[in-house]
Amino acid sequence: MAEYHSIRDLVKLSINNKQELWQVVLTVQAHDKLMSERDVFAQMKKMYQAMKSADEQYDQQLRSPSKMAGGDGYKMRIYNESGRNICGDFIGVVMEKALKMGESNACMKRIVAAPTAGSCGVIPAVLLSYEKCFGVTEDECVKALLIAAGIGAVIAENASIAGAAGGCSASAMAAAGLAYMQGADSEGCANALALALKSMLGLTCDPVCGLVEVPCIKRNVSGAVNAITAAQMTMAGIKSVIPADEVIDSMRRIGNDMPVCLKETGEGGLAITPTAKVYKQKLNNIDN
């Protein structure tokens, strides 16, 4: 059974087998999980529907225990409905959904780690918004999610899935999935992920109070929008000078070179600002 350990492997399998990228991922996952392809697809659809459910069940009244998160997704919706968002309808909805998903996570609602809890808003925001705004079928979104999963597996194997270790893999995964839904071939999907990941390398992970709330939730918006711009450059025919696998290798090297204080330890960056220390003291008082 063929396997893939790089983006190049994925693209080569797609071309040689005359399969779309999602089909390659589906076949390999079915083999690895000892499941039928039908069952793997159904499992991925269930995950996508869980993302949709988390978005639909967003509660604007909820606040996280820290009081740092909650209600911003609703504010974004109201702003979008006012017609004043200059980003346009699609990106406006993406911003709204990214906030909602991140806030649902912080407020202990149902979430889907995609690929982590801290980045749970990026992929759902892009895929759910594309389904809503452009009328694609749910199955097409599931295919995009399979592509994202395959790419995420490669990034996890060769670098790291967590933003704390050097970059935002979720943004790259979403970019590839969106490019596919817009008609990109396997090489185009790889190009989109390269463009997206290049813009998210060396990502400082400095959550206030050690919670994936500040700046993580609003950073999900940036990751989602970055994915869209990468996909649009790809669809315009713009190529990444650096191939996807080399970008992933760079992510690993950059992550290894970054100081520990900037990698989710709470010892640097925003986590040690005066305001962050005030919130930390408040939380300590609550716990005591």
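What counts, and at which threshold
- Residues numbered from 1 in each chain as written.
- Predicted model: local features only at pLDDT ≥ 70, side-chain atom pairs only at ≥ 80, totals over all residues.
- Heavy atoms only, no water.
- Helix = DSSP H or I, 4+ residues; strand = E, 2+ residues; numbered from the N terminus.
- Rg over C-alpha atoms; globule rule 2.2 N^0.38 Å.
- Buried < 20%, exposed > 50% of the residue type's maximum accessible area, 1.4 Å probe, protein only.
- Contact = heavy atoms within 4.5 Å.
- Areas by Shrake-Rupley, 256 points an atom, 1.4 Å probe, with all protein chains shown as cover.
- Expected span 1.5 Å × (residues − 1).
- Polar contact = N/O pair within 3.5 Å; in protein donor to acceptor, adjacent residues only side chain to side chain.
- Phe/Tyr/Trp six-rings, centres within 6.5 Å; stacked < 30°, edge-to-face > 60°.
- Arc of directions from axis to C-beta.
- Axes fitted to C-alpha atoms, helices over the stretch in contact; angles between N-to-C directions.
- Parallel < 35°, antiparallel > 145°, perpendicular 65-115°, else oblique.
- Nonpolar A, V, L, I, M, F, W, Y, C, P; charged D, E, K, R; others polar.
- Salt bridge = Lys/Arg side-chain N within 4 Å of Asp/Glu carboxyl O.

1. Re the overall build of the protein
Reasoning step 1: Along the backbone of the protein there are 12 helices and zero strands.
Reasoning step 2: Along the protein, helices and strands appear, N-terminal first, in the series α-α-α-α-α-α-α-α-α-α-α-α.
Reasoning step 3: For the protein, whose C-alpha radius of gyration is 19 Å, the value lies close to the compact-globule estimate of 19 Å for 288 residues.
Reasoning step 4: Over its C-alpha atoms, taken along the principal directions, the protein stretches across nearly 60 × 45 × 40 Å.
Reasoning step 5: Residues counted as buried form 51% of the 288 residues belonging to the protein.
Reasoning step 6: Put simply, of all contacts in the protein between residues at least 6 apart along the chain, 73% involve residues at least 24 apart.
Reasoning step 7: Roughly 13300 Å² of accessible area belongs to the protein as shown, and the carbon and sulfur atoms make up 53% of that amount.

2. Quick word on helix α8 (residues 169-181)
Reasoning step 1: A rise of 1.5 Å per residue sets the reference length of α8, with its 13 residues, at 18 Å; its end C-alpha atoms lie 19 Å apart and thus fit the reference within 8%.
Reasoning step 2: Most of α8 sits inside the fold, with 13 of its 13 residues counted as buried.

3. A closer look at the environment of K100
Reasoning step 1: Mapped onto the secondary structure, K100 falls in helix α5 (residues 89-106).
Reasoning step 2: If we ignore the near neighbours within four places in the chain, the residues touching K100 are D55, Y58, G73 and R77.

4. Side note on the side chain of S240
Reasoning step 1: With respect to the helices, strands and loops of the structure, S240 is situated in the loop between α10 (216-235) and α11 (244-257).
Reasoning step 2: Of note is the side chain of S240, whose polar atom sits 3.1 Å from the side chain of K198.
Reasoning step 3: At a separation of 2.7 Å, a polar atom in the side chain of S240 contacts the main-chain carbonyl oxygen of I242.
Reasoning step 4: Those residues in contact with S240 that sit more than four places away from it in its chain are N191, A194, L195 and K198.

5. A few points about the packing of aromatic side chains
Reasoning step 1: Counted under the stated rule, the structure contains four aromatic pairs.
Reasoning step 2: Seen from their ring centres, F90 and Y130 are 6.1 Å apart, and the 80° between their planes marks the pair as edge-to-face. Of the two residues, F90 sits in helix α5 while Y130 sits in helix α6 (residues 122-134), which places them 40 residues apart along the sequence.
Reasoning step 3: What makes F90 buried here is its relative accessible area of 14%.
Reasoning step 4: According to the relative accessible area criterion, Y130 is buried, its value standing at 9%.
Reasoning step 5: An aromatic cluster is built from F90, Y130 and F134, whose rings are joined through pairwise contacts.

6. Description of α11
Reasoning step 1: Compared with an ideal rise of 1.5 Å per residue, which puts 14 residues at 20 Å, α11 spans 20 Å between its outermost C-alpha atoms and is within 8% of the ideal.
Reasoning step 2: Considered for burial, the residues of α11 that qualify are A244, V247, I248, S250, M251 and G255. Projected down its long axis, α11 carries its buried residues within an arc of 155°, all on one side. Among the exposed residues of α11, those oriented more than 90 degrees off its buried face are N256 and D257.
Reasoning step 3: The inward-facing, buried residues of α11 abut α1 (7-16), α7 (138-158) and α9 (186-198).

7. Focus on the packing of helix α3 (residues 37-56) against α7
Between two packed helices, what matters for the description is the angle formed by their axes and the separation of those axes.
Reasoning step 1: Two numbers describe how α3 lies on α7: the axes approach to 9 Å, and their chain directions differ by 105°. Compared by their axis directions, α3 and α7 come out roughly perpendicular. Across the interface between the two elements, F41, M44, K45, Y48, Q49, M51 and K52 from α3 touch E138, D139, C141, V142, K143, L145, L146 and A149 from α7.
Reasoning step 2: Classifying every residue of the contact of α3 with α7 by side-chain character gives nine nonpolar, one polar and five charged.

8. Quick notes on the pattern of salt bridges
Reasoning step 1: Evaluation of the coordinates by the stated rule reveals 11 salt bridges.
Reasoning step 2: Residue K45 pairs with D139 through a salt bridge whose shortest N-O separation is 2.7 Å. On the criterion of sequence distance, the pair formed by K45 in helix α3 and D139 in helix α7 is long-range, its members being 94 residues apart.
Reasoning step 3: Judged by its relative accessible area of 24%, K45 falls in the partly exposed class.
Reasoning step 4: One salt bridge in this structure joins D72 and K218, with 3.6 Å as the shortest N-O distance. Here D72, found in helix α4 (residues 72-81), pairs with K218, found in helix α10; they are 146 residues apart in sequence, far enough to count as distant.
Reasoning step 5: Where salt bridges share partners, they join K52, E131 and E138 into one cluster.

9. Details of the environment of P65
Reasoning step 1: If you trace the backbone, P65 turns up in the loop between α3 and α4.
Reasoning step 2: Measuring from C-alpha to C-alpha, the distance between P65 and L283 comes to 8.4 Å, with 218 residues separating the pair along the chain.
Reasoning step 3: Every residue in contact with P65, bar those within four places of it in the chain, is listed here: A106, L283 and I286.

Read these as layout, nothing more, since geometry by itself doesn't imply function.
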